Amino acid sequence: MGDEAQHVHFEEATDGIKNNDIVVKQKSLKKIEIQLGFLKIHHVYEVSFVMSRSVFVADVAGYEQNDEPVPNINCRMVGIDQEGDNVVVEIKFKALKEKLVREKIVLKTENDEVVLEFVARVLGKGKGTPMLRSGIKCVEVQQDPEETEASDWQGFD
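Residues numbered from 1 in each chain as written. Predicted model: local features only at pLDDT ≥ 70, side-chain atom pairs only at ≥ 80, totals over all residues. Heavy atoms only, no water.

Some points on the sheet that holds strand β3 (residues 43-52)
Across the sheet, which stays open at both edges, the 4 strands sit in the order β5-β6-β3-β9 with antiparallel pairing between neighbours. With partners counted over all chains shown, the strands left at the sheet margins are β5 (75-83) and β9 (136-141), one partner each. Averaged over all pairs of adjacent strands, the angle between strand axes in this sheet comes to 20°, irrespective of strand direction. By the bridge criterion, 10 bridges tie β3 to strand β6 (residues 86-95) in an arrangement that is antiparallel. Each bridged residue has a counterpart across the sheet, and for Ser52 the counterpart in β6 is Asn86. (Pairing = 2+ DSSP bridges. Helix = DSSP H or I, 4+ residues; strand = E, 2+ residues; numbered from the N terminus. Axes fitted to C-alpha atoms, helices over the stretch in contact; angles between N-to-C directions.)

Focus on the sheet that holds strand β7 (residues 99-108)
Ordered by their spatial adjacency, 5 strands build an open sheet running β1-β2-β8-β7-β4, and the pairing between neighbours is mixed. What marks the edges here is a single partner per strand, and that holds for β1 (23-28) and β4 (64-65). With 5 bridges joining them, β1 and strand β2 (residues 31-40) adopt antiparallel strand pairing. Counterpart to Val23 in the pairing with β2 is Gln35.

Observations concerning the pairing of β5
Taken together, the 8 bridges between β5 and β6 define a ladder with antiparallel strand orientation. By the bridge assignment for β6, Arg76 is matched with Lys92.

A few points about the side chain of Arg53
Along the chain, the position of Arg53 falls in the loop between β3 and β4. We note that Arg53 is buried and unpaired, the nearest opposite charge coming from Asp59 at a distance of 5.3 Å. Looking at Arg53, its side chain comes within polar contact range of the main-chain oxygen of Ala58, at 3.1 Å. Sequence-distant contacts of Arg53, that is, excluding residues within four places in its chain, are made with Ala58, Asp59, Val60, Gln82, Asp85, Asn86 and Val87. (Buried < 20%, exposed > 50% of the residue type's maximum accessible area, 1.4 Å probe, protein only. Lys, Arg positive; Asp, Glu negative; His and termini not counted. Salt bridge = Lys/Arg side-chain N within 4 Å of Asp/Glu carboxyl O. Polar contact = N/O pair within 3.5 Å; in protein donor to acceptor, adjacent residues only side chain to side chain. Contact = heavy atoms within 4.5 Å.)

Right, dumping it as structure tokens:
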């Protein structure tokens with residue numbers, strides 16, 4: 001072998017997979033899965049992503065979040081706008097439990113509905129700070145209910 005140093009070289013991937021964008025997958029005709037990546041527990045995020053206009057039959061401005069039978073309080077649509085052949089959707093997402101979280105919302109008009117399912121891996125306390133994907137920003141940090149300072153105990157005298 002001699003005195004030559006052995007080095008391993010890896011080529012940079014150019015297939016577009018190694019980016020930091022929110023992943024939007026069409027699961028069926030009217031069901032879309034949005035992968036948000038890693039989030040942190042007890043944080044509220046504002047998420048903005050782009051999806052294809054082809055899923056919507058009516059004007060996108062007419063779509064509203066359906067709260068029947070039970071409203072989703074952890075995932076709320078904030079806005080929806082059309083930009084050419086694409087639709088920009090903004091939601092507010094609350095990460096309230098650890099592990100893999102799936103939150104589903106239904107956008108509805110009088111004669112059409114589209115199901116959006118958001119998938120995120122929520123990191124618990126002490127598990128690090130995730131690098132947020134493009135289009136996701138933290139807007140609020142909520143207090144951990146197990147770390148409440150609302151105790152009546154005054155301490156020792």
